[in-house]
Amino acid sequence: MGLQCLILHWGLSEAGIETIKKAHDICPLTVVESEYSMIWREPEKELLPLLEELGIGFVPFAPLGKGFLTATIDTNQTFAKNDTRSRQPRFRKENMEANQVLVDLVKKIADLKDATPAQVALTWVMAQKPFIVPIPGSRKLSRIEENINAANIKLTKEELTKIREALDNLELKADRWDPNSDNAKRVGK
Ligand SMILES: NC(=O)c1ccc[n+]([C@@H]2O[C@H](COP(=O)([O-])OP(=O)(O)OC[C@H]3O[C@@H](n4cnc5c(N)ncnc54)[C@H](OP(=O)(O)O)[C@@H]3O)[C@@H](O)[C@H]2O)c1
């Protein structure tokens, strides 16, 4: 007799492709959480097509690139030891400087859409697939309200195509972790 699935809704965070397939086979998954944003588009390669095929929802964490896409982070900014950004290559000064091209792009779109950079970053994530619900983090009520209002901004098909082309042409220094770090070894297993 096969295993009986007694869970109504459940999800996995940062799981790899094979783990998702195996888990879904045992008990259908409701949702998967992983990092996804204009600065980290890795899920487009394998994860999003798999979730679409299996009918699983996607909850991207860090949809604001941990604040970077909001255009409020100064490249001279340093991060406290207990802030994960202090250990992430993409938040080193030289890499933040290299990635300003992306902030400039987000700001340009924000001007065109009469929106804020944070709203553009969220609208873009939501526009990629109908089953995506981003979870931006903020400790400030005004920013939470600003972020919620991203749902009222719409990007046209033409705008999305142009943004995709622009993103594809950027050379970003966007690594999440140093390749030999424990974090890098744990992700996507
Ligand atoms: N499963 C996992 O491994 C994992 C990993 C990371 C995160 N998460 C979850 O995902 C959630 C979101 O990720 P995250 O917080 O790391 O990254 P995020 O949502 O991309 O960015 C959050 C950062 O952006 C700032 N921010 C938010 N809204 C803003 C706005 N409108 N304008 C300017 N700055 C703004 C926040 O600062 P203020 O707080 O000062 O507004 C904070 O520093 C977290 O709350 C966490 O629960 C899960």
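Scroll up for the structure.
Being a predicted model, the structure only gives us computed values, none of them experimental. Residue positions are given per chain, counted from 1 along the sequence in the order it is written. Only residues with pLDDT of 70 or above have their local features reported here, since the model is predicted, and side-chain atom pairs are shown and tallied only from 80 upward, although totals for entire chains, interfaces and linings are computed over all residues. To obtain the side-chain values, all non-hydrogen atoms of the structure were included, while hydrogens and water were left out.

Comments concerning the site of the ligand
Rules: Nearness of a residue to a molecule or strand requires only that one of the residue's heavy atoms be within 4 Å of it. Pairing of N or O atoms within 3.5 Å defines a polar contact, subject to two protein rules: one partner must be a possible hydrogen donor and the other a possible acceptor, and residues neighboring in sequence count only if both atoms are side-chain atoms. For the accessible areas, the method is Shrake-Rupley and the probe is 1.4 Å, while residue cover comes only from the protein chains on display. Secondary structure follows DSSP: runs of H or I at least 4 residues long count as helices, runs of E at least 2 residues long count as strands, and numbering of each begins at the N terminus. Basically, the charged four are Asp, Glu, Lys and Arg, the nonpolar ten are Ala, Val, Leu, Ile, Met, Phe, Trp, Tyr, Cys and Pro, and anything else, Gly included, counts as polar.
Around the ligand, the structure places 23 residues, and the nearest of them are Glu33, Leu64, Gly137, Ser138 and Lys140. Between Gly65 and the ligand, the recorded distance is 3.3 Å, taken from a backbone N or O atom to an oxygen atom. Lys66 places a polar main-chain atom, nitrogen or oxygen, 2.9 Å from an oxygen atom of the ligand. In the complex, the protein chains occlude 74% of the 910 Å² of accessible area that the ligand would expose alone. The element best represented in the shell around the ligand is helix α6 (residues 141–148), accounting for three residues. Looking at the shell around the ligand, its residues break down into seven nonpolar, eight polar and eight charged.

Points about the packing of aromatic side chains
Put simply, the rule reads: Ring pairs shown here join Phe, Tyr and Trp side chains whose ring centres sit within 6.5 Å, with only the six-membered ring taken for Trp; geometry is labelled stacked below 30 degrees between planes, edge-to-face above 60, and tilted in between. Between buried and exposed lies partly exposed: a residue is buried under 20% and exposed over 50% of the maximum accessible area for its type, with that area taken using a 1.4 Å probe on protein chains only.
A full pass over the atoms with the stated rule returns four aromatic pairs. The interplanar angle of 45 degrees and the centroid separation of 5.6 Å between the aromatic rings of Tyr36 and Trp124 together place this pair among those described as tilted. Remark: Trp124 occurs in helix α5 (residues 117–128) and Tyr36 occurs in the loop between β2 (31–35) and α2 (47–54); sequence separation between them is 88 residues. Neither residue differs from the other here; Tyr36 and Trp124 are each classed as buried. Between Phe68 and Phe91, the ring centres sit 6.3 Å apart and the planes meet at 85 degrees, which makes this aromatic pair edge-to-face. Remark: Phe91 occurs in the loop between β3 (57–61) and α3 (93–98) and Phe68 occurs in the loop between β3 and α3; sequence separation between them is 23 residues.

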